[in-house]
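Breakdown of the fold
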Amino acid sequence: MKKVLGLAIFLAVAQVAQAANIEAGKDLAAAVCAACHGANGVSVSDALPNLAAQRAAYIEAQLKLYKDGTRKAPGATSPTLTMQAIAAQLSAEDIANTAAYFASLPGAAAGAKSPQLPNLAKTGVTFPEGYKESFTKYHTINFPATKQVRYYYANKAAVAAAKAGKPLPDGSVLFVEVYAAKLDGDKPVTGGDGFFVADKLLLYTAMARDAGWGKDIPEMLRNDNWNYAIFTADKQHRAGVTLAQAREGRRKNSAFLLRRCRRE
C-alpha cells in the first residue's frame, strides 16, 4: 500500500512538472516580470510584492484574475492597470510556466530588493521648461483619497492631433502638476470651481514620445514609443521609480485630452 501511495504521489508531482516549463517561465520573468518583481522574484520596491517561493497555484490564480479583469483595485491603480495589460498578453501556458518558476525559487531575504532593469530605468523624458506658456492646460482632477489636486497640460503636437481625432504622434508631451490640497482641519478646501485649492507642489509626472523610444523596452511592457518620468518639485528626475509608478494614468491622460478637444 505504501509503495502504491508513494508511486501515486510521484506521478502526481511528475504530471505537474510536465505541465509547467520552469525554464520558459524563467525567460518570461527575466524579460517582463523583472521590471517590477525582479528576475529572481525579489521586487524592486517595497510597494510591490515579492514572488519568490510564492505558491504556484496562488500566482497562477492571480494572473488569471488580472487576465480576465476580475482582479481590480479601488480607483484602478497604476500597478493594477499594468498587470491587467501584461496578463492579457499571456497564454495559459505562459501563466503556468511563470508561476512554476517563481514557486521554485528560495524566499527573499529580509529587506532585499532587486535593481531596476537598465533599459527601463532610463527615460528620454526631460523637464519641459516654460510649459505654462507653451502648453495647453486641459484638465483638473481632485484626488480625495490622497487630498491632492492635479493639473494636466499638453504640448502643441498633442493638442493638434487630439483636435484632429488622430493618435498622439512622436513629439507629444503630456505633463501633470501634483499639489497637496489646502486643508481646513483634515478636509480639503474646495474653491468656487469645485476643485480643491492647491497648496504645496509635491511633484510632476510626465509622459512623452519620440521616434525609437520604445525599441529597448520588452514588447509586453512597451506602449509604442512612450516614455515616462516623475520629477521632484525642484524639477529633478525622481530616482528609483518603478515602471508602474512612472506609467501612472497614461491611458487616462490621453483620454482626458481627447474628450476635451472633442468638446471644443
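Refer to the preceding data block for the structure.
Presented here is an overview of the structure given in this document. Small disclaimer: the values here were computed from a predicted structure and weren't measured.

**Some remarks on the nonpolar core**
Val32, Ile59, Leu63, Leu90, Phe102, Leu120 and Leu221 are the most contacted members of the largest nonpolar core, which has 25 residues in total. Looking at this core, the elements with two or more residues in it are α2 (22–37), α3 (56–67), α4 (78–87) and α5 (92–103). Of all the elements, α2 adds the most residues to this core, at six residues. Ignoring sequence-local partners within four residues, the contact set of Ile59 consists of Leu51, Gln54, Ala99 and Phe102.

**With respect to α3**
Look at α3: 16 Å from first C-alpha to last across twelve residues, which is about the 16 Å you get at 1.5 Å a residue. Considered for burial, the residues of α3 that qualify are Ile59, Gln62, Leu63 and Tyr66. Down the axis of α3, the smallest arc covering the buried residues is 100 degrees, so these residues share one side. In the stretch just after α3, Gly69 is the one whose phi turns positive, near 80 degrees.

**Describing the sheet that holds strand β2 (residues 148–154)**
The strands that make up a sheet pair up through hydrogen bonds in the backbone, lying either parallel or antiparallel. Taken together, the five strands give an open sheet; going across it, the order is β1-β2-β3-β6-β7, and neighbouring strands pair in antiparallel fashion. This sheet does not close on itself; its edge strands, each paired only once, are β1 (136–143) and β7 (226–232). Pairwise comparison of adjacent strand axes, ignoring direction, gives a mean angle of 20 degrees for this sheet. Packing of helix α8 (residues 156–163) onto the sheet brings it into contact with β1, β2 and β3 (173–181), and relative to β2 it is tilted by some 80 degrees.

**A word on the pattern of salt bridges**
Inspection of the entire model under this criterion finds eight salt bridges. Note that Lys235 is salt-bridged to Glu129, the shortest N-O span being 3.2 Å. With a gap of 106 residues between them, Lys235 in the loop between β7 and α9 (243–246) and Glu129 in the loop between α6 (118–121) and α7 (131–134) connect regions that are remote in the sequence. Given a relative accessible area of 36%, Lys235 falls into the partly exposed group. Judged by its relative accessible area of 56%, Glu129 is exposed. Among the ionic pairs, Arg209 bridges to Asp170, the shortest N-O distance being 2.8 Å. On the criterion of sequence distance, the pair formed by Arg209 in strand β6 (residues 198–209) and Asp170 in the loop between α8 and β3 is long-range, its members being 39 residues apart. When salt bridges with common partners are traced through the structure, they connect Lys122, Lys215 and Asp216 into a single cluster.

**Examining the packing of α3 against α5**
It is the contact of α3 with α5, at a shortest axis distance of 8 Å, that shows an interaxial angle of 145 degrees. In this structure, α3 crosses over α5, and the sense of that crossing is right-handed. For the pair α3 and α5, contact is made by Ala56, Ile59, Glu60, Leu63, Lys64 and Lys67 and by Ile95, Ala96, Ala99, Ala100, Phe102 and Ala103, respectively. The residue makeup of the contact of α3 with α5, split by class, is nine nonpolar, no polar and three charged.

**Quick word on the packing of aromatic side chains**
Inspection of the entire model under this criterion finds twelve aromatic pairs. Here the aromatic rings of Tyr131 and Tyr153 are separated by 5.2 Å at their centres, their planes lie at 80 degrees, and the arrangement is edge-to-face. A residue pair is termed long-range when its members are at least 10 positions apart, and Tyr131 in helix α7 and Tyr153 in strand β2 qualify at 22 residues. With relative accessibility at 7%, the residue Tyr153 sits in the buried group. With centroids separated by 5.5 Å and ring planes inclined at 55 degrees, the aromatic side chains of Tyr151 and Tyr179 adopt a geometry described as tilted. One end of the pair, Tyr151, is in strand β2; the other, Tyr179, is in strand β3, and 28 residues separate them in sequence. Under the relative-accessibility criterion, Tyr151 is labelled buried at 15%.

**Considerations on the pairing of β1**
Judged from the seven bridges that link them, β1 and β2 form a sheet pairing that is antiparallel. Note that in β2 the partner of Asn142 across the bridge is Val149. In textbook terms, the turn of a hairpin is the stretch between consecutive antiparallel strands, and for β1 and β2 this stretch comprises four residues, one of which, Lys147, has a positive phi near 55 degrees.

**Side note on the environment of Asn119**
Checked against the element boundaries, Asn119 lands in helix α6. According to the relative accessible area criterion, Asn119 is partly exposed, its value standing at 24%. For the pair formed by Asn119 and Ile217, sequence separation is 98 residues and the distance between their alpha carbons is 6.5 Å. Those residues in contact with Asn119, other than ones at most four positions away along the chain, are Asp216, Ile217 and Pro218.

Thresholds, definitions, all that
Residues numbered from 1 in each chain as written. Predicted model: local features only at pLDDT ≥ 70, side-chain atom pairs only at ≥ 80, totals over all residues. Heavy atoms only, no water. Core = buried A, V, L, I, M, F, W, Y, C linked by side-chain atoms within 4.5 Å. Buried < 20%, exposed > 50% of the residue type's maximum accessible area, 1.4 Å probe, protein only. Helix = DSSP H or I, 4+ residues; strand = E, 2+ residues; numbered from the N terminus. Contact = heavy atoms within 4.5 Å. Expected span 1.5 Å × (residues − 1). Arc of directions from axis to C-beta. Pairing = 2+ DSSP bridges. Axes fitted to C-alpha atoms, helices over the stretch in contact; angles between N-to-C directions. Salt bridge = Lys/Arg side-chain N within 4 Å of Asp/Glu carboxyl O. Left-handed = near helix turned anticlockwise from the far one by under 90°. Nonpolar A, V, L, I, M, F, W, Y, C, P; charged D, E, K, R; others polar. Phe/Tyr/Trp six-rings, centres within 6.5 Å; stacked < 30°, edge-to-face > 60°.

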